[in-house]
Structure formats: structure tokens, C-alpha cells
Amino acid sequence: MESRAEGNALRLTMEVWHPDCWVIRTSERVDVGVLGYGIHAAEDGRTSTFFTVYADERATVDEALDAIRASPHVYGVAEMTHGYRLESVATPGNATRDLLVAHDGTTQISPSFTSRGFVYAEPVDVRGGIERWTVLTDRDRETVRRLLEEIREERDAEITVTGVTRADRTGGTGGTGGLPLDRLSRRQREVFRLARDRGYYAWPRRASAGELAAELGITTSTLHEHLRKIEAKLLGEPCDGR
């Protein structure tokens, strides 16, 4: 039986990349953002997802629609009139387009999360080749860490946890106010703060993993290992090494 978190649910924010995703590729090729509101499978094997594409210019949105329609994984794109999107969901950019996209679902990572009990807390925001997730779960921290590792291996995905808080009934963070950096070693705090200060987690990303590794005098693989251990500690799990 899966272990459950005591008290309130956990709220996780994550940056996710996985190969061959047509949404990620669209955001890499065209300067747009894409909000995804959930994925739904149909009996005929097709999958439907509600998206909002946003950009600064209408022509850029049109270019993104052409790229989406050209994907071999997409069967059809239905443009929707305004008013279907939740008004509480803020959309950056001056131009938006709401879409219902029918696709084969094979490149989407959503089922890997939802089948493990993660629940959408906000639309998935895809920009610059990175998916930004906010999810809720009633699993405990140890189980969350294990489940994320399963998804990484299952989908050859890169998943970076950028925030872990407790979601109380009023929508607060359970008093943590942010990441518990006191759990990290001095070296891990150095790595994490450098990544944050150099804009590794910013949009658009201002520093690559290779650039951070060079500044720290380590290999890129070592940097990723540091970030993996940092994530484990932020999720409340001790890990070997400093």
C-alpha cells in the first residue's frame, strides 16, 4: 500500500522535459507558450487535449498553429471561440488562441503522472522547450521521490523539482514559505543558489547546465547528480554523498 502524506497534501512545482513531445518541439521552434488543461483518451484510440497558445504577436500564434498541424502525432485542430478557458487562469502575451487538439497521445507524459495519483493544480505551461508543472499529491515525500524516479526511467525524462510545499485549506504553503534550504549541505546550497542566481530556472533560461558546471569546475553529469540529490533532500529524503 502506498504511504500517504500526513495532514495536508503536498504541492509540487516542476520543470519537465521528455523526448519527442510535439508540444515541447513547437515551443522550441516558435516563440510561443502553450497552456495544457488536461489529457483525455477516447475509445477510438485518439486523445483530446484543450490548449491555449499565447504569444506577443498574432502572426506568431498562427505560425505555432501551422507547426502543430504539421506534427505527425496530431490528427486535427479545432479552434474555439473565446470564453471556454477559465477566467482565473492568467495568460501572458497579447495574442491567444484556444484549441481542442486530437492527437495520438503517444508523446504525452501526462498519463505517467496522473496514473500515479498526481493531480493538476494548474495548467501545464510549456515555454522554450520546457514544461512547467504544478501538481498536488497525498503521497508522502519518500513515495513522491520514488514515483518521480519511475517516471524519469519510464519516459527518459528530465524532471527538476523547483518547489515543495504543503497545500493547506486556505491555499497557503503550510508555513514553509518556500524551499527548505536548511536541509542542504553547504555545497548543495552553493550549487542550488548559483543555478537560481544565474537564471537556470528563469524564463527564458539564462544559463545552461554546461555553463553552471564550468563555473563550478565540475562535469555536467556531476552537476545533474548534485541537482538530483538536492531534489531528494528538498523532498525530505536523505541521500548518500554531499
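Everything quoted here is computed from the prediction, not taken from an experiment.

### Some thoughts on the side chain of T134
- If you trace the backbone, T134 turns up in strand β8 (residues 130–137).
- In this structure T134 comes out as buried when scored by relative accessible area, which is 9%.
- Setting aside anything within four residues of it in sequence, one finds T134 in contact with R11, L12, T13, V119, Y120, A121 and E122.

### Quick notes on the packing of helix α6 (residues 209–216) against helix α7 (residues 220–234)
- For the pair α6 and α7, interaxial distance at closest approach is 8 Å and the crossing angle is 95°. Of the possible angle classes, the one that applies to α6 and α7 is roughly perpendicular. In this structure, α6 contributes A209, G210, L212, A213 and L216 to the contact, and α7 contributes T220, L223 and H224.
- For the contact of α6 with α7, the class distribution of residues is five nonpolar, three polar and no charged.

### Regarding unusual backbone geometry
- Phi at D20 takes a positive value of approximately 70°, unusual for a residue other than glycine.
- Summarising the element assignment, D20 is placed in the loop between β1 (9–17) and α1 (22–29).
- Judged by its relative accessible area of 46%, D20 is partly exposed.
- With a phi close to 50°, D156 is a non-glycine residue in the positive phi region.
- By the secondary structure assignment, D156 is in the loop between α4 (141–155) and β9 (158–167).

### Side note on the pattern of salt bridges
- With the rule as written, the count across this model stands at 15 salt bridges.
- Taking the shortest distance from any N to any O, the salt bridge between D20 and R25 comes out at 3.1 Å.
- Among the residues examined, R25 registers a relative accessible area of 37% and is labelled partly exposed.
- In this structure, the salt-bridge partner of R198 is E215, at a minimum N-O distance of 2.5 Å. One end of the pair, R198, is in the loop between α5 (186–197) and α6; the other, E215, is in helix α6, and 17 residues separate them in sequence.
- Residue R198 is classed as partly exposed on the basis of its relative accessible area, which comes to 37%.
- A single network of salt bridges, built from pairs that share partners, joins D62, R69, E79 and R97.

Conventions used here
- Residues numbered from 1 in each chain as written.
- Predicted model: local features only at pLDDT ≥ 70, side-chain atom pairs only at ≥ 80, totals over all residues.
- Heavy atoms only, no water.
- Helix = DSSP H or I, 4+ residues; strand = E, 2+ residues; numbered from the N terminus.
- Buried < 20%, exposed > 50% of the residue type's maximum accessible area, 1.4 Å probe, protein only.
- Contact = heavy atoms within 4.5 Å.
- Axes fitted to C-alpha atoms, helices over the stretch in contact; angles between N-to-C directions.
- Parallel < 35°, antiparallel > 145°, perpendicular 65-115°, else oblique.
- Nonpolar A, V, L, I, M, F, W, Y, C, P; charged D, E, K, R; others polar.
- Salt bridge = Lys/Arg side-chain N within 4 Å of Asp/Glu carboxyl O.

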